[in-house]
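Residues per chain are reported as follows:
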Amino acid sequence: MAKIPEDVIETVRTATNIADVVGQYVQLKKSGKNLFGLCPFHEERTPSFSVSEDKQIFHCFSCGRGGNVFKFLMELEHVSFPEAVVKVADFSHVDLDSEYRQDAAGPKMDSKTSQLIDLQEQAAKLYHHILVNTEAGEPALNYLHDRGLTDETIEAYQLGFAPSQRLLKPFFDQHESDYQLLRQSGLFIENAEGELRDRFTERAMFPLRNASGHVVAFSGRLIKKADDQPKYLNSPETPLFNKSRLLFNFDLARPAIRQAGEVTLFEGYMDVISATQAGVNNGIASMGTSLTTEQIYAIERTTDKLNVCYDGDEPGQRAISRALTLLGQHSHLNLSVIQLPEGQDPDEYRRAHGDEAFRQMLTTAKEPPLQFNLRFLRRNRALDTDSEQLDYVNQIMPLLAQVQEPVELDMYLNQVANEFHIDKAALQAQLKQTQRDSAAKQERERPRQAAQAQAAPPESPVTVHQQQRPLTRLERAERLLLVRLLHDRNVWAKVSNIDGFSFVHDDYQVIYTLAQGYFQTHQTYRTAQFTDFLKEDRLQQIVIDLETATYAAVTPREIDDYLAIIMDEAPVEEQLRQKKNQLAQASRLGDAEQQRQLVIEIVQLEQQRQANKQL
């Protein structure tokens, strides 16, 4: 096993544009010199996550996280530095010797999370082996083939089978897995005596992966109907698995979503897998038909266009209506509905009509949310009676009141007027009244909403890595001098030739000392490279904070001012601190003479400090 040398790391880094890697996870848009998007490390609605292609670093101005491309993957996917290097190398098609890959594949970070993930992935391999290689798996394999899935698709999704014979617990016992971890994995059911039994039996197994591609849970589908069993059984909530946050296939679909500029939200796992087999690779599904705000946020980070393609039956249509309501309240996504023939789901449509017809349907069957809602409100109505017509018109008026485009609104009003033989002017009058009522309601609710906002408990604070406390004049000078030192070799030469120079604060002095070693082997300063040289997260964060600020052109007087503050004012400040402590001690002892002498010395030091500031 060999440690990845610096020149290899640098080859990988220089072959990679950080924006391309980050862009796989965050939808980035140009703003000034940098790219901005929604931060992947915390939830936000206003983009504060910045990527600098010039410096090859990222930085969130809200939560404070920052670093280079390797740091991004380490933080987001919880991998080690060697693993991050290998991932970036593979992304940029840089060949790495097998010895360096072995280093990355060496012992994982010994954390509870990584150990739980390892259990899930071992279980996925066992279930898959049983499905494709054993006699016990044949019924499930035949079921998946009958559903139209190919062996290639089964392999790509690592589908598996949990037989009636409970094999998972003996498998982990043989590997001497930790009992407490097994309890927390969600793979087992625990009885009153503390005995663990396999949770899943007689089910086709769908591994559920997080956004980084790690298996974190399972969904098992019965292959034989059983009245006392649910058709689908999901893993329970665990430290790894939160069904409100996970989106099925999101890890595999993300590149296709980027390329297509849109994502298609299906109702079930089989719909997604079936669509992928048909060549539609940008499909995802929520954990059931109930979409959540956390899932919406994950989608918004990746794209701004979403197509909802649920089943054509009554439950599927109701699910579309709920999803559109939630999306309208909690997102700014550009929405479309893909309307299937009544009663069919996407998988059934593909198997009935073929891959080409399925792909074409996903394009031609799109309709705006308003059009879906107008049709949805007609379902199960007898619109041949005056009362039903009036009730329908009253229900659709609030929807029409939200239409911003005059031409679109006029088109819908004409349709309603012609269908129900209503005077268009009367519809327009009712529409204006609806708009006034809506505005008045909002005005009435505004004080109540404000009161609720004040009474609501504060949100959990975001972990802030960046400097939050006010900076003293000394520390401000140290930070500004440090950033000048790193970027300007003339400043570096001037300061490094001053005998006895050092920063007052330890962190800045450590960075300066490490920079001395860095410049012995590197002719040019590169932020992304230097942050790896620092190793410690705290020091890396200081440098990233400095790099993301805006600075004017350097001047000789500016550098002299910083040096004067650090070298002249800092010693005076330290003496003042010591004298004031001595004065407090003399006061406690009642030493009047000592107090008098210390007061004179403190006054003299204060005068010296004021004189230094005027220089």
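Going by the structure above, here's the rest.
Residue positions are given per chain, counted from 1 along the sequence in the order it is written. Per-residue local features of the predicted model are confined to residues with pLDDT of at least 70, and side-chain atom pairs are confined, for both listing and counting, to 80 or more; whole-chain, interface and lining totals are unaffected and use all residues. Each side-chain value is worked out from all heavy atoms of the structure, with water and hydrogens disregarded.

Draft legend 1. Representation of the sheet that holds strand β15 (residues 334-338) within the structure. Strand pairing is defined by DSSP finding a minimum of two bridges between the two strands. Only DSSP runs of H or I with at least four residues qualify as helices, and only runs of E with at least two residues qualify as strands; both kinds are numbered from the N terminus onward. Pairing in this open sheet of five strands is mixed, and the strands run β13-β12-β14-β15-β16 from one edge to the other. In this open sheet, the two edge strands, each paired with only one partner strand, are β13 (283-285) and β16 (366-367). Two strands pair when backbone bridges link them, and strand β12 (residues 263-266) and strand β14 (residues 305-309) are joined in this way by four bridges, in the parallel orientation. Across the sheet, the residue bridging to Val 263 is Leu 306, located in β14.

Draft legend 2. Representation of empty space enclosed by the protein. Definitions used for this entry: grid spacing 1 Å over protein atoms alone; cavity, a set of points where a 1.4 Å probe fits but cannot get out; pocket, an open set with protein on both sides within 12 Å along at least 5 of 7 lines; lining residue, one with an atom within 4 Å of a point. Grid points are joined across faces, edges and corners, and a volume is the space filled by probe spheres set on the points. A full pass over the atoms with the stated rule returns one cavity of 30 Å³ or more. What lines the largest cavity is Leu 126, Tyr 127, Ile 130, Ala 162, Pro 163, Gln 165, Arg 166, Leu 167, Leu 168, Asp 198 and Phe 200. Only Asp, Glu, Lys and Arg are considered charged, only Ala, Val, Leu, Ile, Met, Phe, Trp, Tyr, Cys and Pro nonpolar, and every remaining residue, Gly among them, polar. For the lining of the largest cavity, the residue count by class is eight nonpolar, one polar and two charged.

Draft legend 3. Molecular detail of the side chain of Ser 321. Structurally, the position occupied by Ser 321 is in helix α14 (residues 314-330). Judged by its relative accessible area of 15%, Ser 321 falls in the buried class. Between buried and exposed lies partly exposed: a residue is buried under 20% and exposed over 50% of the maximum accessible area for its type, with that area taken using a 1.4 Å probe on protein chains only.

Draft legend 4. Inspection of helix α16 (residues 355-364) at higher detail. Taken together, the buried positions of α16 are Phe 358, Met 361 and Leu 362. Buried residues in α16, looked at end-on, bunch into an arc of 100°, giving them a common side. Away from the buried face of α16 by more than 90 degrees, exposed residues Thr 363 and Thr 364 are located. The directions considered for the arc run from the helix axis to the C-beta atoms.

Draft legend 5. View of the layout of surface pockets. By volume, the second largest pocket is sized at about 610 Å³. Pro 369, Leu 370, Asn 373, Leu 399 and Gln 402 are, among the 17 residues lining the second largest pocket, the residues nearest its centre. Put simply, the parts of the chain that give the lining of the second largest pocket at least two residues each are α14, β15 and α17 (369-376). Here the element with the most residues in the lining of the second largest pocket is α14; it accounts for five residues.

Draft legend 6. Inspection of the packing of α14 against α17 at higher detail. Relative to each other, α14 and α17 sit at 135°, their axes nearing to 11 Å. Here α17 runs oblique to α14, going by the angle between their axes. At the point where α14 passes α17, the crossing takes the left-handed sense. Packed against α14, whose contacting residues are Gln 317, Arg 318, Ile 320, Ser 321 and Leu 324, the element α17 presents Pro 369, Phe 372, Asn 373, Arg 375 and Phe 376 at the interface. Considering only residue class, the contact of α14 with α17 consists of five nonpolar, three polar and two charged. Axis lines are fitted to C-alpha atoms, over the contacting stretch for helices. Their N-to-C directions set the angle, which ranges from 0 to 180 degrees. With respect to orientation, any angle under 35 degrees is reported as roughly parallel, any angle over 145 as roughly antiparallel, any angle of 65 to 115 as roughly perpendicular, and every other angle as oblique. By convention, the crossing between two helices is left-handed when the near helix turns anticlockwise from the far helix through less than a right angle, and right-handed when the turn is clockwise. It only takes one pair of heavy atoms within 4.5 Å for two residues to be counted as in contact.

Draft legend 7. Structural view of the side chain of Glu 77. Its location among the elements puts Glu 77 in helix α3 (residues 69-77). According to the relative accessible area criterion, Glu 77 is buried, its value standing at 5%. At a separation of 3.2 Å, a polar atom in the side chain of Glu 77 contacts the side chain of Lys 87. If sequence neighbours within four positions are ignored, Glu 77 has contacts with Tyr 25, Lys 87, Ser 212 and His 214. Distance and chemistry together define a polar contact, namely a pair of N or O atoms within 3.5 Å, with one atom able to donate a hydrogen and the other to accept it when in protein, and with adjacent residues in sequence counting only for side-chain atoms on both sides.

Draft legend 8. Representation of the pairing of strand β4 (residues 57-60) within the structure. Residue alternation in β4 divides its side chains into two sets, Ile 57 and His 59 and Phe 58 and Cys 60, and both sets are buried. Here strand β3 (residues 49-52) pairs with β4 via four bridges, running antiparallel. If you follow Val 51 over to β4, its bridge partner there is Phe 58. Sheet analysis places β4 next to strand β5 (residues 66-67), joined by two bridges and oriented antiparallel. Residue pairing across strands places Phe 58 opposite Gly 67, the latter belonging to β5. Between β4 and β5, which pair antiparallel one after the other, the connecting turn spans five residues, and Gly 64 there sits at a positive phi close to 90°.

Draft legend 9. Focus on the nonpolar core. In this text, buried Ala, Val, Leu, Ile, Met, Phe, Trp, Tyr and Cys residues form a nonpolar core when linked through side-chain atoms within 4.5 Å. Of all hydrophobic cores here, the largest spans 59 residues; its most connected members are Leu 159, Phe 172, Phe 218, Phe 248 and Phe 358. At nine residues, helix α6 (residues 112-133) tops the list of elements feeding residues into this core. What Phe 172 contacts, discounting residues up to four positions off in sequence, is Leu 119, Gln 122, Ala 123, Ser 177, Leu 182, Leu 187 and Phe 188. With 33 residues, the next largest nonpolar core counts Ile 4, Cys 63, Val 69 and Leu 73 among its residues.

Draft legend 10. View of the sheet that holds β3. Within the open sheet, the five strands sit side by side as β1-β2-β3-β4-β5. Their pairing is antiparallel. Every other strand in the sheet has two partners, leaving β1 (29-31) and β5 as the edge strands with one partner each. Where strand β2 (residues 34-37) meets β3, three bridges bridge the pair, whose relative direction is antiparallel. The residue bridging Phe 36 from the neighbouring strand is Ser 50, located in β3. Here helix α25 (residues 537-547) sits on the sheet and contacts β4 and β5; the angle it forms with β4, its principal contact strand, is near 90°.

Draft legend 11. Seen up close, the environment of Phe 58. Of note, Phe 58 is situated in strand β4. Discounting residues that sit within four places of it in the chain, Phe 58 has contacts with Ile 18, Phe 41, Phe 49, Ser 50, Val 51, Arg 65, Gly 66, Gly 67, Asn 68, Lys 71, Phe 72 and Ile 544.

Draft legend 12. Representation of the pattern of salt bridges in the model. Salt bridge criterion: a side-chain nitrogen from Lys or Arg within 4 Å of a carboxyl oxygen from Asp or Glu. This structure, assessed with the given rule, holds 32 salt bridges. A salt bridge links Arg 13 to Glu 10, with the shortest nitrogen-to-oxygen separation between them at 2.8 Å. Within this pair, Arg 13 and its partner Glu 10 are both found in helix α1 (residues 6-14), separated by three residues, close to a single helical turn. For the residue pair Arg 13 and Glu 10, the accessibility class agrees, reading buried in each case. Note that Asp 561 and Arg 557 form a salt bridge whose closest N and O atoms lie 3.0 Å from each other. Taken together, the residues span about one helical turn, with Asp 561 and Arg 557 both in helix α26 (residues 556-589) at a distance of four residues. A relative accessible area of 30% places Asp 561 in the partly exposed class.

Draft legend 13. The arrangement of unusual backbone geometry in detail. Not every positive phi belongs to a glycine, and Gln 158 is a case in point at roughly 50°. Locating Gln 158 in the fold gives a position in the loop between α8 (151-156) and β6 (160-162). Among the residues examined, Gln 158 registers a relative accessible area of 27% and is labelled partly exposed. A positive phi angle, near 75°, is found at Asn 249, a position not held by glycine. Position of Asn 249 among the secondary structure elements: in the loop between β11 (232-234) and α11 (250-260). A relative accessible area of 2% means that Asn 249 is categorised as buried.

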